[in-house]
Amino acid sequence: MIEEDISKDDIINAYRNVILERTLDKKLLGINRQGFLPFYIPNMGHEALHAAIGMALRDIDFFYPYYRDLGSDIARVGLDFVLAQMFSTEKDNELGRDMPLHISNKAKNVGPVITTVGGHLMAATGVAYSHKYQKKPGIVVATFGDGATSTPDFHVAMNFSAVYSLPILFICENNQWAISYPVEDQTKVEISKKAEAYGFTGIKIDGNNFVEAYHAIKNAILNVEKGSMPILIDAVTYRMGPHTTADDPNKYRKTIINEGDPLDPLTIIENDIKRMKILNDEEISNIKNEINDTVSKEVERYEKMNKPGKETLFKNIYENDPWYITEERGEIQ
Amino acid sequence: MIEEDISKDDIINAYRNVILERTLDKKLLGINRQGFLPFYIPNMGHEALHAAIGMALRDIDFFYPYYRDLGSDIARVGLDFVLAQMFSTEKDNELGRDMPLHISNKAKNVGPVITTVGGHLMAATGVAYSHKYQKKPGIVVATFGDGATSTPDFHVAMNFSAVYSLPILFICENNQWAISYPVEDQTKVEISKKAEAYGFTGIKIDGNNFVEAYHAIKNAILNVEKGSMPILIDAVTYRMGPHTTADDPNKYRKTIINEGDPLDPLTIIENDIKRMKILNDEEISNIKNEINDTVSKEVERYEKMNKPGKETLFKNIYENDPWYITEERGEIQ
Amino acid sequence: MTEMNMVKALNNALDTMLDKDKSVILIGEDIAKDGGVFRVTDGLYAKYGDERVVSTPLSELGIVGMSIGMAMDGLRPIPEIQFLDFIYTAMDQIVSQMAKIRYRTNGDYILPMVLRTPYGGGVSGGPYHSQSSEAYFAHTAGLVVVTPSNPYDAKGLLISSIESNDPVMFLEPKRLYYSIKNDVPDNYYKVEIGKAKRILEGDDVTLITYGPMVPLVKSVVQKNNINADVIDLITLNPFDKDTVINSVKRTGRAVIVHEAPKMFGVGAEISATIAEKAIDYLQAPILRVTGMDIPVPFILEDYYVPNEKRIMNAINKVINY
Amino acid sequence: MTEMNMVKALNNALDTMLDKDKSVILIGEDIAKDGGVFRVTDGLYAKYGDERVVSTPLSELGIVGMSIGMAMDGLRPIPEIQFLDFIYTAMDQIVSQMAKIRYRTNGDYILPMVLRTPYGGGVSGGPYHSQSSEAYFAHTAGLVVVTPSNPYDAKGLLISSIESNDPVMFLEPKRLYYSIKNDVPDNYYKVEIGKAKRILEGDDVTLITYGPMVPLVKSVVQKNNINADVIDLITLNPFDKDTVINSVKRTGRAVIVHEAPKMFGVGAEISATIAEKAIDYLQAPILRVTGMDIPVPFILEDYYVPNEKRIMNAINKVINY
Ligand SMILES: Cc1ncc(C[n+]2csc(CCOP(=O)(O)OP(=O)(O)O)c2C)c(N)n1
Ligand SMILES: Cc1ncc(C[n+]2csc(CCOP(=O)(O)OP(=O)(O)O)c2C)c(N)n1
Ligand SMILES: [Mg+2]
Ligand SMILES: [Mg+2]
């Protein structure tokens, strides 16, 4: 089955992405515990889905991620860009103004991640309107969590995008938890069913299975393009770690998927690769070592990089500084 | 069919309600045109539905109406109460502070009407939570227009009420227009289908047909009570007049149901009554005359009634007046 | 030049810019066929079509949020909120996105958009068609807040706002929509953002006001022969500090008049700026004549809004201090 | 008496009132099993059950709106917004319903509810976990706005707020959650709403502050041996005008310190009130030391927030004027 559906190169590529995300994620968590990264949002569990998103999207598509999209972000804008932002360096496109994982990259068609859950969904819809109006190629792909489906923004974005027949794909990274609140309480129906309330298609997929996720997203992008109606994908996955480095999941749940478990997306793709004999144990081990080295080296490099100085504080609040900004700048000399 | 479903008294009662609402509505529109009532929200087209709501609700139920519920309001709180508010009289429970048709009556379990479309839906949900928590009998019934289904509040109220299994009936008075915006643009699906996105039942009914509406609402109330899940009713009707006295529908639509047309809810109930020989022409005519007299007399009485004076301006802004309110009171002496 | 009221002037400005720039798009409830509930967009749908004059489902969050996305993608959207009173479900979009995207992305994205909305009383609209909540927006770093007081300024200021690369809250005093007419140039022109106008000149007292209260203040001053500087702020944020301070330094007395409630309102900032920068010149307390600190009541609105008597009381108090 | 931090004191206040009054209900995201992201509701779910300590789907509109309905129906709900920064989708419920229901129904319905939320910086939270937008609420007629600056006041003020029949915005300075400990009585007691506290007494200058900046201002004054009145407002609306004015009349000098941005902020109202009621006593400009008029930046937060140097600059400026 898999053999027909996906090329060898693609699955190796996906595997490398998964390993990269997992390795980096663990590295950053470790650094946070040592006190060098003040805050981090773990991605463990989402890697297969992120690889699928990263690979299914085309450059012409506009990607509007949320804060838990490490792998998808790297696939889109590169490791350097992500790390420059992660460590609030002077190379950060945003000058260290937002929290780690809150990237923005206009040149690469990536919308600015916002902390406020759901807060980007109408903006994504607006980008889709603009794309359609300007006859730009590609579609908009917006990701968000299961918790986001309860927000006002979700409702309004789903409705507006249907009413104006906009080219947008909504991907719910349904990791079954919104901090301590389980998805069964968040809503009494399957998230994929919600699309029907707005007049378009909802699809439920296994977000831990790279191959399934990749095909579903790729097809959905083409269908959005052809059908000029939005689609909602409910990609079921599992948040294997804490919500953020400030969270302690033991207070509210027993973690049911741990690293290396059969349902761990890394295990799934690794088993596929072994079963299909795409890579042998040595090759796998080489990939892991190589990626581990890269991650260590790069993280160290960005960790040490200079951070923006106080002279940047007032840049770009407006096109021109109002008088009071000039006064306030004086106050910190 | 009707004979079995409804008693003679009930249908006469409903008919009287419909005639009362129609008569009063036209009277108030006329008075507005003469300049004596500054603002009015016409109800023509909603009368059968309002009669059904008014009669199906029990005193134990909490009613949270919207601004276009003249008939339902009268059934609930009486003509006097409604007119005292309509003309911003000193007998108005709200002291003339809100626009006509924005009633509030805690003693009779009626929530305060708010202009902001959808703005009351979460409050209604909260009343339902409180009822359940306090084990009060009865359910909450909230009405709203088709436009309201696009609001954030609708989404959140539907979801919260499902998540907590609350005793609440949502009735959408779907008159097919939100000012100039038709319901086909408001959303790409039938409103009744939206309930499924939250895990409960949605029912579409003919809101111009009193008997159908009455039964549907009555049953829904019992089902909410038994099933301890919300229900959504999509009551399809038609706004026969302008949106408000400030609106000119000729700018955006051709009115497709006019007074006396076969689809006019008044025509429908009158035809039923005639067909079933419940009332003869003379009795009908007597009812109309009697109600016409009452309306003329009462409207005149309330029109002339004193309005609250400036000394009431600062009452009830807080439990106790802050110092600046005392100062401001001094400014208007 | 054509004599027109503010609604016509705004309509004319939108027409001018829709014609000039394909990236300008109007979006709001009932703005297309219906031409908006105050007729500001009348005729524009017929002229520019439904892709550029877009009526929306009933959600202010949607209107503002969609505009943000459009602006991010290079358009110049002009969302309309039917009444300022209904803006609050869009507050998150305004405060979290519209005001912050430029700063938090360090200019990677900018938002050239103009949010138009009628505000204030004058239509007997009760608590939800009469609010003046400009202070919320003036307090929100990242937003520009402007409000014209006559048709000429309305058109020129709207054009400036549309061409600005900052997100602008364009507040239209609905009580002045039809009540004043001006000669308005037929073509493109601008009224500068950030510059106040001294609409009357005098030496005894400085009256600072804006938007809906400008004609009232002007007529009270003229009718009572007060020798006053009257300043129409036009821009609330960033307001024209120099014009205010220079005037107060000369007159030594300041009265601020606005329709919004007093406490923590716009007038407080004007007063505080004076108290910081011109204290030595003051010969009397700084007074404010404002709307009351209550919701706008339906029938007693006239007692809510500043009137001649209250304005004259304040003027007399500072002049005779 | 037990020595405790503010989080414990708040938890203790909620426990006291849940125990005392069955109509008290807590509602918010992650407040039940998880005990809230700052642990303010820790243990209360286990003690009072899921009907009274209610975790919710992810919607602030829902949390506030549901509380409004509960309050209308006779309960005393205490909604929690996880961070003030996420309150804006609930803004319509706050401004249009919570603040106005009592007035527009002339008291037919009252809303005894307390909206609790952590605000301000101190947790390196960037633009969306650090905001101080108290001015929006202080400007909204119908709301009471309070903010404690230490564990003792926090408990007593929260109990007063819960027993008040007015809707209260209870703003918790998260930078002080764990940083100060006080002796806090174990049982029920109240701290009066509307009364400020003079926490230091002196003659040369009046420092007016509240919430997150109180310990800083106090320590700066003590460390630098300034002979100052230091006023902790505690209540922002209605703020304690008499305590402020009486002090300024005595010292002739006023400096206002808050963490929120300056323009159109809370400090402006304090300054304007002084400029209206004590102008003759002023011997120097009224100065404000505040947060900057920008979003709160992630890594440069320390430059955003008032610090010793900026406070001392202002004090020296007015004292040496
Ligand atoms: C509007 C809003 N409310 C609350 C929060 C605090 N918060 C941050 S993440 C989160 C849970 C989000 O869950 P979900 O959408 O499922 O995404 P996940 O974190 O699981 O990936 C909450 C409540 C927020 N960021 N925004
Ligand atoms: C939140 C909000 N936005 C806009 C308005 C202005 N407005 C008043 S009624 C209305 C249309 C409402 O349509 P619908 O919900 O179908 O009710 P109907 O008036 O048709 O009975 C609009 C847009 C409002 N009152 N509230
Ligand atoms: Mg989740
Ligand atoms: Mg309708």
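Treat the numbers as computed from the prediction; the structure is a model and nothing was measured.

Chemist: Could you clarify how one ought to interpret the coordination of the magnesium ion (ligand 3) in this entry?
Modeler: Each donor-metal-donor angle in an ideal tetrahedron of four donors is 109.5 degrees, and each such angle in an ideal octahedron of six donors is either 90 or 180 degrees. Residue and element names in this part refer to chain A. Taken together, Asp146 (OD), Asn175 (OD1) and Trp177 (O) make up the protein donors of the magnesium ion (ligand 3), found 2.0 to 2.1 Å from the metal. We note that the donor set of the magnesium ion (ligand 3) lies within a single chain, spaced as D-x28-N-x1-W. Pair noted here: Asp146 is in the loop between β2 (140-145) and α7 (152-163) and Asn175 is in the loop between β3 (168-174) and β4 (177-178), with a separation of 29 residues, a long-range link. A residue is classified by how much of its surface remains accessible, and Asp146, at 1% relative accessible area, is buried.

Chemist: Please clarify how the coordination of the magnesium ion (ligand 4) should be interpreted in this entry.
Modeler: Residues and elements named next belong to chain B. Ligation of the magnesium ion (ligand 4) by protein atoms is provided by Asp146 (OD), Asn175 (OD1) and Trp177 (O), these donors lying 2.0 to 2.1 Å from the ion. Along the chain, the residues that donate to the magnesium ion (ligand 4) are spaced as D-x28-N-x1-W. Pair noted here: Asp146 is in the loop between β2 (140-145) and α7 (152-163) and Trp177 is in strand β4 (residues 177-178), with a separation of 31 residues, a long-range link. Comparing Asp146 with Trp177, the two get one shared label, buried.

Chemist: Teacher, can you tell me more about the site of ligand 2 here?
Modeler: Near ligand 2 you find 20 residues, and of these Tyr66, Tyr67, Arg68 and Asp146 of chain B together with Glu60 of chain C are the closest. The environment of ligand 2 is shared, with nearby residues belonging to chains B and C. In the model, a nitrogen atom of ligand 2 is placed 3.0 Å from a nitrogen or oxygen of the Val117 of chain B main chain. With the chains in place, 97% of the 570 Å² that ligand 2 exposes on its own is no longer accessible. Of the residues contributing to the shell around ligand 2, the split by class is nine nonpolar, seven polar and four charged.

Chemist: For this particular structure, what's the right way to read the sheet that holds strand β11 (residues 228-232) of chain D?
Modeler: Strand pairing in a sheet relies on backbone hydrogen bonds, with the paired strands running either antiparallel or parallel. Residue and element names in this part refer to chain D. Strands sit in the order β9-β11-β10-β13-β14 across an open sheet of five strands; the sheet is mixed. Taken across any chain shown, the strands that pair with only one partner, and hence form the sheet edges, are β9 (197-200) and β14 (287-291). Across this sheet, the average inter-strand angle for adjacent strands is 25°, counted without regard to direction. Two strands pair when backbone bridges link them, and strand β10 (residues 205-209) and β11 are joined in this way by five bridges, in the parallel orientation. Each residue of the ladder has a partner; that of Leu207, found in β11, is Val230. Lying on the sheet, helix α8 (residues 214-223) is in contact with β9, β10, β11 and β13 (254-261); it crosses β9 at an angle near 40°. With respect to the sheet, helix α10 (residues 266-277) is in contact with β10, β13 and β14, its orientation differing from that of β13 by roughly 160°.

Chemist: Sorry if this is basic, but what is going on with the interface of chain B and chain D here?
Modeler: Frequently, the measure chosen for interface size is the accessible area removed from exposure when the parts meet. In this complex, chain B contributes 46 residues to the contact, which on the side of chain D involves 48 residues. Buried area between chain B and chain D, both sides added, is near 4,000 Å², and the carbon and sulfur share of it is 55%. The three residues of chain B that bury the most area against chain D are Tyr133, Tyr318 and Trp323 of chain B, which together make up 19% of that side's buried surface. Counting across the chain B and chain D interface gives four salt bridges. Taking the shortest distance from any N to any O, the salt bridge between Glu327 of chain B and Lys277 of chain D comes out at 2.7 Å. Summed over the shared surface of chain B and chain D, the number is 30 residue pairs in polar contact (both at pLDDT 80 or more). Within the residue set of the side of chain B that touches chain D, elements represented by two or more residues are β1 (62-64), α6 (121-133), α7 and α12 (323-331) of chain B. The leading source of residues in the side of chain B that touches chain D is α6 of chain B, at nine residues.

Chemist: Teacher, can you tell me more about the site of ligand 1 here?
Modeler: Lining the immediate surroundings of ligand 1 are 20 residues, of which Tyr66, Tyr67, Arg68 and Trp177 of chain A together with Glu60 of chain D lie closest. Gly147 of chain A places a polar main-chain atom, nitrogen or oxygen, 2.8 Å from an oxygen atom of ligand 1. Here an oxygen atom of ligand 1 and a side-chain polar atom of Asn175 of chain A are 2.9 Å apart. Computed on the free molecule, ligand 1 has an accessible area of 580 Å², of which 97% lies beneath the protein chains in the complex. Of the residues belonging to the shell around ligand 1, the class tally is nine nonpolar, seven polar and four charged.

Rules and cut-offs
- Residues numbered from 1 in each chain as written.
- Chains lettered and ligands numbered in written order.
- Predicted model: local features only at pLDDT ≥ 70, side-chain atom pairs only at ≥ 80, totals over all residues.
- Heavy atoms only, no water.
- Donors = N, O, S within 2.8 Å, 3.2 Å for Na, K, Ca; no water.
- Helix = DSSP H or I, 4+ residues; strand = E, 2+ residues; numbered from the N terminus.
- Buried < 20%, exposed > 50% of the residue type's maximum accessible area, 1.4 Å probe, protein only.
- Near = heavy atom within 4 Å.
- Polar contact = N/O pair within 3.5 Å; in protein donor to acceptor, adjacent residues only side chain to side chain.
- Areas by Shrake-Rupley, 256 points an atom, 1.4 Å probe, with all protein chains shown as cover.
- Nonpolar A, V, L, I, M, F, W, Y, C, P; charged D, E, K, R; others polar.
- Pairing = 2+ DSSP bridges.
- Axes fitted to C-alpha atoms, helices over the stretch in contact; angles between N-to-C directions.
- Contact = heavy atoms within 4.5 Å.
- Buried area = accessible area lost by both parts, 1.4 Å probe.
- Salt bridge = Lys/Arg side-chain N within 4 Å of Asp/Glu carboxyl O.

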